[in-house]
Amino acid sequence: MHVRFLFLLFLSCLLTVACSLGEDVSKGPPAVIAVDAPAPDFRLQDLNGREVSLGGLRGRPVLIVFGTTWCPYCREEIPRIKEIYAKGRGKNLEVLNVYINEADRKVADFAARYALPYPVLLDRDGKVAERYQVRGVPMLVLVNGQGNITCYQCRDLEAVLKGL
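None of these values were measured; they are calculated from a predicted model.

## Brief notes about the pairing of strand β5 (residues 120-123)
By the alternation rule, side chains of β5 split into V120 and L122 and L121 and D123, which are all buried. With two bridges joining them, strand β1 (residues 43-46) and β5 adopt antiparallel strand pairing. Along β5, the bridge assignment pairs Q45 with L122. With four bridges joining them, strand β4 (residues 94-100) and β5 adopt parallel strand pairing. Bridging from a neighbouring strand, V98 pairs with L121 of β5.

Shown next as structure tokens:
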């Protein structure tokens, strides 16, 4: 099981690299991904085809959850993320679940099966995950209302959320 997970993670990384080979490098330096740095803005479609942007949520804290449907750890995190979402709604917290390099239908079926109550976004080409330097999933990034990263690869997310 562990070997299969590592193999699938390797394939995912390989696909991300292959997809980025044709990218225009003249767009400037890569974003600095660190606590207190500005979170890179992005626009992704949700499962209904609506565009969601991180910048459009300015003024609200946003928890970005990067994941995949095949990741067992991502599935294990769902109850915790749902609980954070339910508790955080009163504090204006938004949760965005970003699925990386996955087919729309597969993500839609997964979201329905697990009754995900928060927006599910499609990073079809993996560019947002690449920009956020996602190296494994699930990966959590908390962005404060000013648009700065408060927590990256959050280990003790609940403690950080209490400080918002």
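## Remarks on the state of the cysteines
This model, assessed by the stated rule, comprises one disulfide. Disulfide pairing is shown between C151 and C154; the S-S distance is 2.3 Å.

## Re unusual backbone geometry
The omega torsion of the bond from V137 to P138 falls at 0°, within 30 degrees of zero and hence cis. Mapped onto the elements of the fold, P138 is located in the loop between α4 (127-131) and β6 (139-143). The phi dihedral of A115 is positive, around 50°, even though this residue is not glycine. With respect to the helices and strands, A115 occurs in the loop between α3 (104-113) and β5. The phi angle at Q133 is positive, at roughly 55°, despite the residue not being glycine.

## Quick notes on helix α2 (residues 72-88)
A rise of 1.5 Å per residue sets the reference length of α2, with its 17 residues, at 24 Å; its end C-alpha atoms lie 25 Å apart and thus fit the reference within 8%. The largest bend in α2 amounts to roughly 40° and is located at I78, with the proline P79 lying one to four residues further along. Of all the positions in α2, only C74, I78, I81, I84, Y85 and G88 are classed as buried. Its buried side turned inward, α2 meets β3 (62-67), β4, α3, β6 and α5 (157-162).

## Overview of the sheet that holds β1
Strand order in this open sheet of seven strands is β2-β1-β5-β4-β3-β6-β7, and the pairing throughout is mixed. Each end of this open sheet is capped by a strand with a single partner; those strands are β2 (51-53) and β7 (149-152). Ignoring strand direction, the axes of neighbouring strands in this sheet form an average angle of 30°. Along the sheet, α2 makes contact with β3, β4 and β6, crossing β3 at roughly 165°. Across the sheet, α3 touches β4 and β5, and the angle it forms with β5 is around 160°.

Rules used in this analysis
Residues numbered from 1 in each chain as written. Predicted model: local features only at pLDDT ≥ 70, side-chain atom pairs only at ≥ 80, totals over all residues. Heavy atoms only, no water. Buried < 20%, exposed > 50% of the residue type's maximum accessible area, 1.4 Å probe, protein only. Helix = DSSP H or I, 4+ residues; strand = E, 2+ residues; numbered from the N terminus. Pairing = 2+ DSSP bridges. Disulfide = S-S within 2.5 Å. Expected span 1.5 Å × (residues − 1). Bend = angle between axes of the 7 residues up to and from the residue. Contact = heavy atoms within 4.5 Å. Axes fitted to C-alpha atoms, helices over the stretch in contact; angles between N-to-C directions.

These results come straight from atomic positions and should not be treated as a statement about function.
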